[in-house]
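As a plain string of letters, each chain reads:
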Amino acid sequence: MFRNLVVLLRYFTFWIIFFFLERAVFVLYNIGSISDAQISEIMKIFLYGLWMDASMTGYICALPLVVYMVLWLIPKARIPAKIIKVYSYLLIILFSIATVINFNIYREWGTKLNFRVFEFAFGSPSEAMASTASSPILLTLAILVALIVLSVSLFHLLVRFEVVKQGNVFLKLVIGIFIMGLNFLAIRGGWQLSPMNESMAYFSQKPILNYAAVNTEWGLIRDMMKAGSTSKNVFLFYTPQEAKAIVQDLYARPEGENIRIMQAEKPNIVLIIMESHTGNVVESLGGEKGVSPEMEKLISEGVFFDQVYSSGSRTDKGVVSVLSAFPAQGKRSIMKENSKQIKIPALSATLADQGFSTSFYYGGESRFFNMKSYLLSHNYQEIIDKNDFERQDLSSKWGAFDGAVYLKMLDQLGQKPSPFFSTFLTLTNHEPFDLPGKPRFSGNDVQNKFRSTAFYADSCLGAFIREAKTKSWYQNTLFIMVADHGHYLPFENLEISDPKRYRVPLIFFGEVIKPEYRGTKIHKVGNQTDIVSTLLSQLNIDPGAYPWSRDLLHPQTRDFSFFNWDHGIGVINETQAISYETVGKSIIYKRNESHSPQEDEELLKYGKASMQVVYQQLIDF
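All figures in this text were calculated on a predicted structure; none of them were measured in a lab.

**Q** Mind showing me how you'd approach the overall build of the protein here?
**A** Each helix and strand counted, the protein has 19 helices and 13 strands in total. For a compact globule of 621 residues, the expected C-alpha radius of gyration is about 25 Å, and the protein comes in at 27 Å, within 12% of that figure. Expressed as lengths along the three principal axes of its C-alpha atoms, the size of the protein is roughly 80 × 60 × 50 Å. Out of the 621 residues in the protein, the part that is buried amounts to 57%.

**Q** It is not clear to me how the pairing of strand S2 (residues 303–309) should be interpreted in this structure. Could you clarify?
**A** Both faces of the sheet carry side chains from a regular strand, because those side chains alternate between them. Judged by how many residues are buried, S2 sits mostly within the fold: six of seven residues are covered. Inspection of the sheet shows S2 paired to strand S7 (residues 503–509) by five bridges, in the antiparallel sense. Within S7, the residue paired with Phe305 across the bridge is Leu506. Relative to strand S9 (residues 526–527), S2 runs parallel, the two being bridged by two bridges.

**Q** Looking at this structure, I do not really get the sheet that holds strand S13 (residues 586–590). What am I missing?
**A** Strand pairing in a sheet is mediated by backbone hydrogen bonds. Such pairs are either parallel or antiparallel. Pairing within the open sheet is antiparallel, and its four strands lie in the order S10-S11-S12-S13. Two strands close off the open sheet at either side, each with one partner strand: strand S10 (561–565) and S13. The average angle at which neighbouring strand axes cross in this sheet is 20°, direction not considered. Sheet analysis places strand S12 (residues 577–581) next to S13, joined by four bridges and oriented antiparallel. Within the sheet, the bridge partner assigned to Ile578 lies in S13 and is Lys590. Relative to strand S11 (residues 568–572), helix H19 (residues 597–620) is tilted by about 125°, and along the sheet it contacts S10, S11, S12 and S13.

**Q** Would you take a moment to explain the packing of helix H2 (residues 39–73) against helix H7 (residues 169–188) for this structure?
**A** Each pair of packed helices can be summarised by the angle the axes make with each other and by the distance between the axes. H7 packs onto H2 with a crossing angle of 165° between their chain directions and a minimal axis gap of 8 Å. Taken as axis vectors, H2 and H7 run roughly antiparallel relative to one another. Seen from above, H2 lies across H7 with left-handed handedness. Across the interface between the two elements, Ala54, Ser55, Gly58, Tyr59, Cys61, Ala62, Leu65, Val66, Met69, Trp72 and Leu73 of H2 pack against Val169, Lys172, Leu173, Ile175, Gly176, Ile179, Met180, Asn183, Ala186 and Ile187 of H7. The class makeup of the residues in the contact of H2 with H7 is 16 nonpolar, four polar and one charged.

**Q** Explanation requested: the pattern of salt bridges in the structure shown.
**A** One side chain can pair with another of opposite charge once the charged atoms of both are near each other. Applying the stated rule across the entire model yields 17 salt bridges. For Arg367, the salt bridge goes to Glu365, with nearest N and O atoms at 3.4 Å. Note that Glu382 is salt-bridged to Lys416, the shortest N-O span being 2.7 Å. You can see Glu382 sitting in strand S4 (residues 382–384) and its partner Lys416 sitting in the loop between helix H16 (402–412) and strand S5 (420–425), a full 34 residues away along the chain. For Glu382, a relative accessible area of 33% puts it in the partly exposed group. A network of salt bridges, in which partner residues are shared, links Glu294, Lys297 and Arg466.

**Q** What is the right way to look at the side chain of Gln329 in this model?
**A** Note that Gln329 resides in the loop between helix H12 (315–324) and helix H13 (338–341). Looking at Gln329, its side chain comes within polar contact range of the main-chain oxygen of Pro327, at 2.7 Å. Only 2.7 Å separates the side chain of Gln329 from the backbone nitrogen of Ile334, close enough to count as a polar contact. Setting aside anything within four residues of it in sequence, one finds Gln329 in contact with Lys317, Ile334, Asn564, Met611, Tyr615 and Leu618.

**Q** Whenever I open this one, a nonpolar patch on the surface confuses me. Can you help?
**A** Judged by side-chain polarity, Ile93, Ile97 and Ile101 come together as a nonpolar surface patch covering roughly 210 Å² of accessible area. Relative to the helices and strands, Ile97 resides in helix H3 (residues 81–109).

**Q** Teacher, can you tell me more about the packing of aromatic side chains here?
**A** To describe a pair of aromatic rings, one takes the distance between the centres and the angle between the planes. With the rule as written, the count across this model stands at 39 aromatic pairs. Here Phe14 and Phe18 contribute two aromatic rings whose centre-to-centre distance is 6.5 Å and whose plane-to-plane angle is 35°, an arrangement assigned as tilted. With Phe14 and Phe18 both in helix H1 (residues 2–29) and four residues apart, this pair spans about one turn of that helix. This pair shows no difference in class: Phe14 is buried, exactly as Phe18 is. Both rings, one in Tyr251 and one in Trp548, keep their centres 5.2 Å apart while their planes meet at 75°; by these two values the pair is edge-to-face. Separated by 297 residues along the polypeptide, Tyr251 in the loop between helix H10 (240–250) and strand S1 (268–274) and Trp548 in the loop between helix H18 (530–538) and S10 bring together distant segments of the chain. For the pair Tyr251 and Trp548, one class covers both residues: buried. Put simply, the rings of Tyr11, Phe14, Trp15, Phe18, Phe19, Tyr89, Phe95 and Phe155 touch in pairs and so form one group of aromatic residues. Over the aromatic face of Phe26 sits the side chain of Lys112, whose NZ or CZ is 5.0 Å from the ring centroid.

**Q** Looking at this structure, I do not really get helix H17 (residues 446–468). What am I missing?
**A** The first and last C-alpha atoms of H17 sit 33 Å apart over 23 residues, in line with the 33 Å expected at 1.5 Å per residue. Within H17, 17 of the 23 residues are buried, which leaves the element mostly enclosed by the surrounding structure.

**Q** Would you mind showing me how to read helix H6 (residues 137–158) here?
**A** In an α-helix, one turn spans 3.6 residues, which is why side chains three or four residues apart end up on the same side. Under the 1.5 Å per step criterion, the end-to-end length of H6 is 31 Å for 22 residues, consistent within 8% with the ideal 32 Å. Residues of H6 that are buried: Thr140, Ile143, Leu144, Leu147, Ile148, Ser151, Leu154, Phe155 and Leu158. The buried residues of H6 occupy one face: seen down the axis, they fall within an arc of 135°. Projecting away from the buried face of H6 at angles above 90 degrees are the exposed residues Leu138 and Leu157.

**Q** Got a minute to help me understand unusual backbone geometry in this structure?
**A** Of all residues except glycine, most have a negative phi; of all peptide bonds, most are trans. For the bond from Ser418 to Pro419, the omega torsion is 0°, close enough to zero to count as cis. Residue position: Pro419 is located in the loop between H16 and S5. A cis geometry characterises the amide bond from Glu431 onward to Pro432, with omega recorded as 10°. Looking at the element boundaries, Pro432 is found in the loop between S5 and H17. Phi at Ala325 is positive, roughly 50°, even though this residue is not glycine. Following the sequence through the fold, Ala325 ends up in the loop between H12 and H13. Owing to a relative accessible area of 2%, Ala325 belongs among the buried residues under this scheme. Positive phi outside glycine occurs at Phe433, with the angle close to 60°. When you line up the elements, Phe433 lands in the loop between S5 and H17. A relative accessible area of 7% places Phe433 in the buried class.

Analysis parameters
- Residues numbered from 1 in each chain as written.
- Predicted model: local features only at pLDDT ≥ 70, side-chain atom pairs only at ≥ 80, totals over all residues.
- Heavy atoms only, no water.
- Helix = DSSP H or I, 4+ residues; strand = E, 2+ residues; numbered from the N terminus.
- Rg over C-alpha atoms; globule rule 2.2 N^0.38 Å.
- Buried < 20%, exposed > 50% of the residue type's maximum accessible area, 1.4 Å probe, protein only.
- Pairing = 2+ DSSP bridges.
- Axes fitted to C-alpha atoms, helices over the stretch in contact; angles between N-to-C directions.
- Contact = heavy atoms within 4.5 Å.
- Parallel < 35°, antiparallel > 145°, perpendicular 65-115°, else oblique.
- Left-handed = near helix turned anticlockwise from the far one by under 90°.
- Nonpolar A, V, L, I, M, F, W, Y, C, P; charged D, E, K, R; others polar.
- Salt bridge = Lys/Arg side-chain N within 4 Å of Asp/Glu carboxyl O.
- Polar contact = N/O pair within 3.5 Å; in protein donor to acceptor, adjacent residues only side chain to side chain.
- Patch = residues over 30% accessible without salt bridge, like charges linked within 9 Å, V, L, I, M, F, W, Y side chains within 5 Å.
- Areas by Shrake-Rupley, 256 points an atom, 1.4 Å probe, with all protein chains shown as cover.
- Phe/Tyr/Trp six-rings, centres within 6.5 Å; stacked < 30°, edge-to-face > 60°.
- Lys NZ or Arg CZ within 6 Å of the ring centre and 35° of its normal.
- Expected span 1.5 Å × (residues − 1).
- Arc of directions from axis to C-beta.

Here's what the structure looks like:
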């Protein structure tokens, strides 16, 4: 029985070694691009990549494992070992070809092999061939042959197909189930909350090191599985030219001066993205009283934008909307698609280019939603997540409660080079709505649990601001508070199409704001995506890299916001809000029934065109 386990272990080990060789070939071929990397960084490529290699090996082993279990458990079963050999040789050849294809793909596109390569090759074969013309063909073929020969030789040396059938059937069944469970665990990437994704291989701010760590085949399979949803625009309303013209008119930069609310030219910036802190728990937005009293104090002393909406309904979309000013993309999420998310700009990278030090704080696992790869790709120089906290602080299901993260920020911000741009994504106000202490609102119903965690998040924010006022860096710091998205709670039946589900608070606060503007309310209808342009304009930094962002402090900026979900879009201006369901092709929500159909169709036109263009950009990246 032990010999059977050794056979399986040998097969698993072969593929781990194969992927090591594959990664080594990629590193050696691109040695010129990583020559400035430390030896420790190069070692991390293989260390971090091992996790994803094990996952891919688990997928490869699934079929041989089933065959082996049948042979082991059924004495009379006869399955030729040749089947597994052919299966393995075929994979060796295909994976080796993928390895050498990567050489030119990475050089030309800055990414590894993905679905777009096949789409390009079959859709435009002559252009695809032309794009490979500059590749060193002989060297590529030599590497391909060498990798195949070496791998096949290693396979013959390491892998055996001997099945010892003796033994207790019940014991063999138990062991078989256990082994299959271990294989599933390898595929998933472990016991942690988030299953395997590319972020688990990311560790560096240098893209090529991260790409080298990512398992090529795992990334390709994932990309191909998602490709069917992104290769066709499911939000087609106009011709491409018509849609672009409508969007360009809507997002055109207005002439004239904006309102200058800042008295510091290059302040520190602390951006707090609050999990699910919907406007429905903010009194100044018409929400419930007593849930966000600390935020109300900040509103009375800061600049409050009271007509802002989130772009989508999930954290991954909210973070991208806030930091990259890129709207949500229906059922897709650009954050999860590495070859695409690197194509969009981000506030962190823009400010880093202006001399800001950058950091990101999150009490949970930064690899969740593939967020870590997005952050590293956009010049966040330091990422602090649950792995940087003591065990006693990790009492939430997601990691560290907000209070512990705020304390770490207070301890560290003063040590960062100034000016600094520090972002905190909170997490306590998230299902299952756990708290570190007694809830503010009694009852086990989900509505009161949500109110209590929102109250806790608000109280932590207030305590952070009070303590920050005692720090030397406070006087030259701008604080920005916004929610990542809204929520259906604390209501019971707020539909995904209801604009109230997307309305969020946005506050600029701090001593760097001119006294005459403190306590000001800005009634301009806007979106999370407008934060970037509004902020950069105050800092005298050109926001031109962010075409989806508008300056909410410019008098001539048009009142407009749009949001979307999997099968619909919502659009809002100063007098109307409309939600449109794209499958049924009908308006399913109207705030103002007195509007004429012509007025509604004119407003809806902007939402449709915006959705079409942003989704097409996602496809084209």
